[in-house]
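Here are the chains, one letter per residue:
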Amino acid sequence: MKLDTEFMGEHHTFHSLREVMAKANEPKSGDSLAQIAAGTTLERIAAKKVLSQLTVKDLTEHPAVPYEEDQVTRIIIDDLDRQEYEEIKDWTIAQVREWLLDDGTSGEEMLAAGRGMTSEVIAAVCKLMGNLDLMYAGNKMKILATCNTTIGEKNVLASRLQPNHPVDDPRGITASLLEGLSYGVGDAVLGVNPAIDTVESTGAVWDQLREIKNEFQIPTQTCVLSHVTTQMKALEKGHKADLCFQSIAGTESALAAFGVTPGMLTEADLMFHEDGDSRGPNVMYFETGQASELSSSCHYGWDQLTMECRCYGLARHYRPFLVNTVVGFMGPEYLYDARQLLRAGLEDVFCGHLHGLPMGCDVCYTNHMVTDQNDLESLAAMLTAAGCHYFMGLPQGDDIMLMYQSSGYHDIAALRQLFGKHPIREYEKWLEKWGILENGRLGPRAGDPTVFLK
């Protein structure tokens, strides 16, 4: 591999592919924290130039963590479509970028080629793209997944209803849940982050969500976002849910910091296929977020975008129904301000799509970040244009349990109306039956949760 170049009268030499990838990345405070970021704009552009001339084969044969040392690497490599890989292995990363952005390249062709790309290749292409490139290319790919309903259909923008409660009080969860339903939110999943990660609490909230879903015949999915082992034990005790959740990371050691192994995910996937409450075939729900590997000192000196892409390489092995990046939750140590937040959100959805994943985004921030609600609304609009599958729906965009800011019920409605989007079709019909939606817009009964109590 050629790792040096002349640029603007200066000679730039990089000592490894890892250094090229890190310094070609757009500015991120996490990469700076790890002391791997480009020192100047000139150095960043020189790294991008070197990266553009490397081949798919170069990136594939030099994974971030060696094949022999890391199970995530082995999954990514072993899952490659070798026929697709052979067709593109000699392309430069610049050629891959141009081909993806060519108007004559269809989304179906992009997804097929993506199956022949490792996560490192996809990350490399992403580093050569501008924000509009990421939006344009991401929107061309249409990815479908089915649990009880199907996400990813044309002109559909779905939403996760997130009725969290500080102490998992069933009455508080129910009140928030019914309010969210009355605003047309919840077609992707009714998903609760538990304050108490126990089998008893998980089972109780599962049962509550299932009871409400069945009572009102809601065409959606249920999930409690406790640890995967907690959910497996709850399933063994006879409780039921549609989706199995787990946060994942891009290296085996970072997964271990979460108390997770790939074998554990395989076992959970099998259990939910056999004993879960959905018809499937897609029963897994994964969350990610740039820099989790850095926060656990398990990034092996690689940049946070490449590590994030490896999460998607792991996720696609399990054919999930939902994946979402919690893009601003890690804080300013990793994404400092609105500019970095916007860039990371666009990167994540594009890279997830090229992995063939139904990608959502929790457009969010913690209160010590240099950003605000206007920035979240800008990112949500950009991601809707980029073909993002779903967003979160919280009361006023404020999570009183996790203590962070995200998207609210009204944001989902505004984005659907602005971009001509709809809820998942079965869910839309259900909303129309209750008078919550009329002619694709919120109707006179919207926002009135008492309609479910009459």
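Here, the structure is the one placed above.
Rules and cut-offs
Residues numbered from 1 in each chain as written. Predicted model: local features only at pLDDT ≥ 70, side-chain atom pairs only at ≥ 80, totals over all residues. Heavy atoms only, no water. Core = buried A, V, L, I, M, F, W, Y, C linked by side-chain atoms within 4.5 Å. Buried < 20%, exposed > 50% of the residue type's maximum accessible area, 1.4 Å probe, protein only. Helix = DSSP H or I, 4+ residues; strand = E, 2+ residues; numbered from the N terminus. Contact = heavy atoms within 4.5 Å. Salt bridge = Lys/Arg side-chain N within 4 Å of Asp/Glu carboxyl O. Pairing = 2+ DSSP bridges. Phe/Tyr/Trp six-rings, centres within 6.5 Å; stacked < 30°, edge-to-face > 60°.

*Asks:* Can you explain the nonpolar core? Please cite residues and give values.
*Replies:* Counting residues in hydrophobic clusters, the biggest one holds 138 residues, and the most contacted among them are Leu 181, Phe 350 and Phe 391. If you tally residues by element for this core, the top one is helix H18 (residues 338–354), at eight residues. If we skip the residues at most four places from it in the chain, Phe 391 touches Leu 157, Ala 158, Ser 159, Arg 160, Cys 361, Val 363, Ala 380, Leu 383, Thr 384, Ser 407, Ile 412 and Leu 415.

*Asks:* Break down unusual backbone geometry for me, citing the residues and quoting the values.
*Replies:* With an omega of 15°, the peptide bond between Gly 280 and Pro 281 qualifies as cis. Here Pro 281 is to be found in the loop between helix H15 (262–275) and strand E9 (284–288). Not every positive phi belongs to a glycine, and Met 403 is a case in point at roughly 60°. By the element assignment, Met 403 lies in the loop between strand E13 (398–399) and strand E14 (404–405). The phi torsion at Asn 439 lies on the positive side, around 55°, for a residue other than glycine.

*Asks:* Can you lay out the pattern of salt bridges for me, pointing to particular residues and giving the numbers?
*Replies:* Evaluation of the coordinates by the stated rule reveals 19 salt bridges. A salt bridge links Asp 187 to Arg 416; the nearest nitrogen and oxygen atoms lie 3.2 Å apart. Taken together, the residues span a long stretch of sequence, with Asp 187 in the loop between helix H11 (170–182) and strand E6 (189–192) and Arg 416 in helix H20 (residues 409–419) at a distance of 229 residues. Asp 187 gets classed as buried once you look at its relative accessible area, which sits at 0%.

*Asks:* Got a sec to walk through the pairing of strand E5 (residues 158–161)? Specific residues and values, please.
*Replies:* Residues of E5 alternate between two faces, with Ala 158 and Arg 160 on one and Ser 159 and Leu 161 on the opposite face, all of them buried. Summarising the sheet, E5 and strand E12 (residues 390–393) pair through four bridges and their orientation is parallel. Opposite Ala 158, over in E12, you have Tyr 390 as the bridge partner. By the bridge criterion, two bridges tie E5 to E6 in an arrangement that is parallel.

*Asks:* Tell me what's going on with the packing of aromatic side chains, and back it up with residues and numbers.
*Replies:* Taken as a whole, this structure holds 12 aromatic pairs when the rule is applied. Ring geometry for Phe 216 against Phe 452: centres 5.3 Å apart, planes inclined by 65°, an arrangement best described as edge-to-face. Taken together, the residues span a long stretch of sequence, with Phe 216 in the loop between helix H12 (199–215) and strand E7 (222–224) and Phe 452 in the segment after strand E16 (441–442) at a distance of 236 residues. Comparing Phe 216 with Phe 452, the two get one shared label, buried. Taking the centre distance of 5.4 Å and the plane angle of 35° together, the rings of Tyr 427 and Trp 430 count as tilted. Within this pair, Tyr 427 and its partner Trp 430 are both found in helix H21 (residues 425–433), separated by three residues, close to a single helical turn. For the pair shown, Tyr 427 and Trp 430 are each scored as buried.

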